[in-house]
Structure formats: structure tokens, C-alpha cells
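Listed here are the chains, written in short residue letters.
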Amino acid sequence: MSSDATEGVPSRATVLALRSIPVVGWVFLIVGVVRPFRARWLRVAFWIDVVLSIGVHAAQIPAAREVAAEQGISGRRAAVMTMLFGATWWKTLGEARR
């Protein structure tokens, strides 16, 4: 692939925008733990976010470690970054540096 063939490759701005989504989810969880939500819809959203932020991110760690290993990134760093950013981290490895 030549350096000017970037079709289908997300830009740095897109990668950063995508990675902000899980961070907002973590902030929502922290707020919900510190000050539990009273509204039912917020409590439902909180528990959905718990499942996504903890369960789904954790389930992605094995795949993330494989991708990260190909780029010389440690398994520990891959696990931490995947728990924080999920697939927006490991599926875009190298894209944020463009």
C-alpha cells in the first residue's frame, strides 16, 4: 500500500474521536458510582455501560494482545489500553500516529 492510498484508513482526528467514546463511558460509570442515578433510564444506561465497559472490553483483551504483539507492544499495555479504550485502541493501532 502506498503512502497516498489512505482509502478506508481513519484519520488521526477520527481515531481520537472514536477513542473519546469509551472515555465518556468510564466518566459516566464514575459519576454513577459516586452519586447513584435516581432516574430509571439512567440506572439502566449505567448497567448497560458496566457490561460494555468491563465485560466487552475484557473479552477483547486476547485479540488486542495478538495485534499489539505484532507491533512490539507488551501484553500488559495492550490489556490496560483495551480496558480503557476497547476496540477503538487495538483496531486502530498505528492510525493515531499518522
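Residues numbered from 1 in each chain as written. Predicted model: local features only at pLDDT ≥ 70, side-chain atom pairs only at ≥ 80, totals over all residues. Heavy atoms only, no water.

(A) Representation of the packing of helix α2 (residues 40-70) against helix α3 (residues 75-85) within the structure. Where α2 contacts α3, the axes come no closer than 8 Å and their chain directions differ by 145 degrees. Remark: the crossing between α2 and α3 carries right-handed chirality. Across from S53, I54, H57, A58, Q60, I61, A64, R65 and A68 in α2, the residues of α3 making contact are G75, A78, A79, T82, M83, L84 and F85. Residue classes in the contact of α2 with α3 are distributed as ten nonpolar, five polar and one charged. (Axes fitted to C-alpha atoms, helices over the stretch in contact; angles between N-to-C directions. Helix = DSSP H or I, 4+ residues; strand = E, 2+ residues; numbered from the N terminus. Left-handed = near helix turned anticlockwise from the far one by under 90°. Contact = heavy atoms within 4.5 Å. Nonpolar A, V, L, I, M, F, W, Y, C, P; charged D, E, K, R; others polar.)

(B) The packing of aromatic side chains, seen in detail. Applying the stated rule across the entire model yields three aromatic pairs. Between F28 and F37 the ring centres are 4.8 Å apart and the planes differ by 20 degrees, which places this aromatic pair in the stacked class. Taking 5.2 Å as the distance between ring centres and 90 degrees as the angle between the ring planes, the aromatic pair formed by F46 and W47 counts as edge-to-face. For W47, a relative accessible area of 55% corresponds to the exposed category. Three or more aromatic residues link up through ring pairs in this structure, and these residues are F28, F37, F46 and W47. (Phe/Tyr/Trp six-rings, centres within 6.5 Å; stacked < 30°, edge-to-face > 60°. Buried < 20%, exposed > 50% of the residue type's maximum accessible area, 1.4 Å probe, protein only.)

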